[in-house]
Amino acid sequence: LYIETIPNFSNLKLKHLLLCSLKTRDHRPYRVIKRLRAVVTMSGSWEEFFATHLPPTDFEDNRSLLKEFCERHDRQGHRIVLVTSGGTTVPLEHNTVRFVDNFSAGKRGSASAEYFLDQGYAVIFMHRLKSLEPFTRHFNGQKLLDMLEMQDESNNTTIRVKQDSVFALAPVLSRYQAAHAAGAILHVAFTTVSEYFWLLRAACEVLAKSGPRALLYLAAAVSDFYIPKDSIPTHKMQSESGPPVIQLHLVPKMLAPLVNLWVPNAYVVSFKLETEENLLIPKSRAALEKYKHKMVIANMLQNRHQRVLVVTRDANQEILLSREELLAGADIEAGIVGVIVSHHSDHLAHSEAR
Ligand code: PMT
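Residues numbered from 1 in each chain as written. Predicted model: local features only at pLDDT ≥ 70, side-chain atom pairs only at ≥ 80, totals over all residues.

The protein appears in an unreviewed UniProt entry as Major facilitator superfamily (MFS) profile domain-containing protein from Pieris brassicae.

Spelled out as structure tokens, the structure:
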């Protein structure tokens, strides 16, 4: 009876658990009900979000790609990391001319994806369309064209890499080709926050099968606010109608169902972005406490490529690049990924020992 009264209750596993407890007249079901209540209270609004936002048009194609990729790497016993990268948008019109955006160039995610590949991980790179991507990030803007030279000899045009650019291009090209030859990276793209959540849940569905070998690295900058679908106009807002009044609603935090229901055995790393230093540690600790995942990478907007804090239940570890290292083009992501891989190995060893 209790289950029937819970709105949108769909988690069959927990339902089964509760029914078993009731059948055996075990008094512990009250504890189970308490757990259920917690999950359902957390989850009510995320289920509503999925119920009111349709999946993106290319969703089924992406779902098949994710399934094929994960099954292939799972068969080979590889570790798989989901790297999310770039900012999500919130459209202000259905035929979107204007939108609210979350700041992120995609440097954190794209650089990290390269270092995870170096460490032997299969990488699902889930990124905001047109944000930075692994390998090509090194040649953004006009950099690539500046590395090339053209020669015209009797109607025969050849294009070559300038000799002094070979040292910059060769190592990136060789890592890129190795990753693609091994089928070790899959790119999937989102733009809006609802596309992001649909893809995130689909990726989790297939990653759940990898158990503790799955790592989630949630570096994307995800909107906390959105405008419900039925409150936005179909067509471009007209200025003749006067200044629009737009009311933003809170987006449910997807970390809650993700950690508790979608990938309960995976190693989950979330990010915390702040602009006030004094909030950084308390908010990261509060997130660990609330969602019960494994790690928060805390960073300040202003110096995010020079300093981060790795926050776990037991410690805060600082990773810092010197000014010289930064000027020489070092990536702080190499250090971040190194620390995470070591924690992920401990998590795996611990799970196997159980
Ligand atoms: O791309 P760059 O320019 O290099 O910048 C990198 C970065 C600063 C964007 C990155 O390092 C970073 O901090 N990303 C997370 C930004 C963010 O969304 O922080 P938040 O405090 O709003 O959210 C914290 C966590 O909750 C995130 O891991 C997010 O995945 C999750 N979240 C957020 C909103 C939401 N509705 N549900 C969520 O689960």
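A.B. asks: Please provide a residue-by-residue account of unusual backbone geometry, values included.
C.D. replies: Backbone geometry at Lys130 places phi at a positive 75°, although glycine is not the residue there. Its place among the elements puts Lys130 in the loop between strand 4 (122-128) and helix 6 (143-146). Residue class for Lys130 comes out exposed when judged on the 10 C-beta atoms lying within 10 Å of it. The phi dihedral of Phe135 is positive, around 70°, even though this residue is not glycine. Here Phe135 lies in the loop between strand 4 and helix 6. (Helix = DSSP H or I, 4+ residues; strand = E, 2+ residues; numbered from the N terminus. Buried ≥ 20, exposed ≤ 12 C-beta atoms within 10 Å, placed from the backbone.)

A.B. asks: An account of the nonpolar core is requested, with residue identities and associated values reported.
C.D. replies: Residues Val83, Val123, Ile124, Ala203, Leu207 and Leu216 are the most contacted members of the largest nonpolar core, which totals 69 residues. Take this core: its biggest share by element is 11 residues, from helix 8 (residues 193-207). With residues up to four places along the chain from it excluded, the contact list for Val123 reads Val81, Val83, Ala113, Phe116, Leu117, Ala184 and Ile185. (Core = buried A, V, L, I, M, F, W, Y, C linked by C-beta atoms within 7 Å. Contact = placed C-beta atoms within 7 Å.)

A.B. asks: Describe the packing of helix 5 (residues 107-118) against helix 12 (residues 332-353), listing the residues and the values that go with them.
C.D. replies: In the contact formed by helix 5 and helix 12, the axes pass within 9 Å of each other and the chain directions differ by 55°. Relative to helix 12, helix 5 is oriented oblique. Regarding helix 5 and helix 12, the two cross each other, and that crossing is right-handed. Contacts between helix 5 and helix 12 involve Arg108, Ala111, Ser112, Tyr115 and Phe116 from the first element and Glu333, Ala334, Ile336 and Val337 from the second. (Axes fitted to C-alpha atoms, helices over the stretch in contact; angles between N-to-C directions. Parallel < 35°, antiparallel > 145°, perpendicular 65-115°, else oblique. Left-handed = near helix turned anticlockwise from the far one by under 90°.)

A.B. asks: Which residues make up the packing of helix 4 (residues 59-75) against helix 8, and what values go with them?
C.D. replies: It is the contact of helix 4 with helix 8, at a shortest axis distance of 9 Å, that shows an interaxial angle of 30°. It follows that helix 4 is roughly parallel to helix 8 by the angle criterion. Viewed along their axes, helix 4 and helix 8 form a crossing whose handedness is right-handed. Residues Phe59, Asn62, Arg63, Leu66, Lys67 and Cys70 of helix 4 lie in contact with helix 8, whose contacting residues are Trp198, Leu199, Ala202, Ala203, Val206 and Leu207.

A.B. asks: Explain the environment of Ala111 to me, and be specific about the residues and the numbers.
C.D. replies: Topologically, Ala111 is positioned in helix 5. By the C-beta count within 10 Å, which is 24 here, Ala111 ends up buried. With sequence-adjacent residues up to four places away left out, Ala111 is seen in contact with Arg137, Asp331 and Glu333.

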